[in-house]
Amino acid sequence: MHTAAGVEACLPIRSDMDLVWVRQHVRQAAARLGFGLVDQTKLITAASELARNTLVHGGGGQMEATQVGSAGAQGLRLAFTDEGPGIADLDLALSDGYTSGGGLGMGLSGARRLVHDFDIETTPGSGTTVRVTCWVGRPPRPREGA
């Protein structure tokens, strides 16, 4: 059971400058929760890719950051929401190596590999929400098929 301590930040994603603010907030929140430097970097990289997707493909939106806890572990949940066109082919978008270009080239599958928990809800014509959670001190999720 995951419990949320409440939304600590809700940041707009409407410009390239907002992407900088998202990365900065995630860095500070992860450091405050005790994430090591490598785990901070993984979370910031995933957040950067997801924020860029929100801006470029979703036409802008927001990121909510929430401190969460589960079985004594502390974590950070990030939710990226837009009201854009949605993802027409989710299986393709989540496949390794797929990129629509313009981002870090890692796509959704790369972002998914960098976090512990990954969830996506998308409806063509109604937008997309991607939720990721990282936990302090837990190893990353293994690659599928590995």
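The name given to the chain in an unreviewed UniProt entry is Serine/threonine-protein kinase RsbT, with Streptomyces paradoxus as the source organism.

1. What to know about the overall build of the chain
If you tally the helices and strands in the chain, you get four helices and five strands. The linear arrangement of helices and strands in the chain, starting from the amino end, is β-α-α-β-β-α-α-β-β. Looking at the chain as a whole, 44% of its 146 residues are labelled buried. Sequence-distant contacts in the chain: of pairs separated by 6 or more residues, those separated by 24 or more amount to 65%. For the chain, the accessible surface area stands at approximately 7400 Å², while carbon and sulfur atoms represent 52% of it.

2. With respect to the packing of helix α2 (residues 37-56) against helix α4 (residues 107-114)
Closest axis-to-axis distance for the α2/α4 pair is 9 Å, and the angle between their directions is 150°. Considered as vectors, α2 and α4 are oriented roughly antiparallel to each other. Like other packed secondary-structure pairs, α2 and α4 cross with a definite hand, here left-handed. Contact with α2, carried on its side by Lys-42, Thr-45, Ala-46, Glu-49, Leu-50 and Asn-53, involves Gly-107, Leu-108, Ala-111 and Leu-114 of α4 and no other residues of that element. Residues that form the contact of α2 with α4 fall into these classes: five nonpolar, three polar and two charged.

3. Looking at the pairing of strand β3 (residues 73-82)
β3 sits mainly inside the fold: seven of its ten residues count as buried. Across ten bridges, the pairing between strand β2 (residues 61-70) and β3 is antiparallel. Residue pairing across strands places Met-63 opposite Phe-80, the latter belonging to β3. Sheet topology places β3 next to strand β5 (residues 127-135); eight bridges connect them, and they run antiparallel.

4. Some thoughts on the nonpolar core
Counting residues in each nonpolar core, the largest one holds 34 residues, and the members touching the most others are Val-22, Met-63, Leu-78 and Phe-80. Mapped onto this core, the elements with two or more residues apiece are β1 (3-13), α1 (16-33), α2, β2, β3, α4, β4 (117-123) and β5. Excluding its chain neighbours within four sequence positions, the residues that come into contact with Val-22 are Leu-11, Ile-13, Ala-47, Ala-51, Met-63 and Phe-80.

5. Let's talk about the environment of Gly-125
Structurally, Gly-125 is set in the loop between β4 and β5. Sequence spacing of Gly-125 and Pro-85 is 40 residues, and the spatial spacing of their C-alpha atoms is 4.4 Å.

6. Side note on unusual backbone geometry
For Ala-71, which is not glycine, the phi torsion reads 50° and is therefore positive. With respect to the helices and strands, Ala-71 occurs in the loop between β2 and β3.

7. Examining α1
Between its terminal C-alpha atoms α1 stretches 26 Å, which fits the 26 Å expected from 18 residues at 1.5 Å a residue. Among the residues making up α1, those that are buried are Asp-18, Leu-19, Val-22, His-25, Val-26, Ala-29, Ala-30 and Leu-33. One side of α1 carries all its buried residues, which in axial view fall inside an arc of 125°. Downstream of α1 by a residue or two, Gly-34 has a phi angle that is positive, lying close to 100°.

What counts, and at which threshold
Residues numbered from 1 in each chain as written. Predicted model: local features only at pLDDT ≥ 70, side-chain atom pairs only at ≥ 80, totals over all residues. Heavy atoms only, no water. Helix = DSSP H or I, 4+ residues; strand = E, 2+ residues; numbered from the N terminus. Buried < 20%, exposed > 50% of the residue type's maximum accessible area, 1.4 Å probe, protein only. Contact = heavy atoms within 4.5 Å. Areas by Shrake-Rupley, 256 points an atom, 1.4 Å probe, with all protein chains shown as cover. Axes fitted to C-alpha atoms, helices over the stretch in contact; angles between N-to-C directions. Parallel < 35°, antiparallel > 145°, perpendicular 65-115°, else oblique. Left-handed = near helix turned anticlockwise from the far one by under 90°. Nonpolar A, V, L, I, M, F, W, Y, C, P; charged D, E, K, R; others polar. Pairing = 2+ DSSP bridges. Core = buried A, V, L, I, M, F, W, Y, C linked by side-chain atoms within 4.5 Å. Expected span 1.5 Å × (residues − 1). Arc of directions from axis to C-beta.

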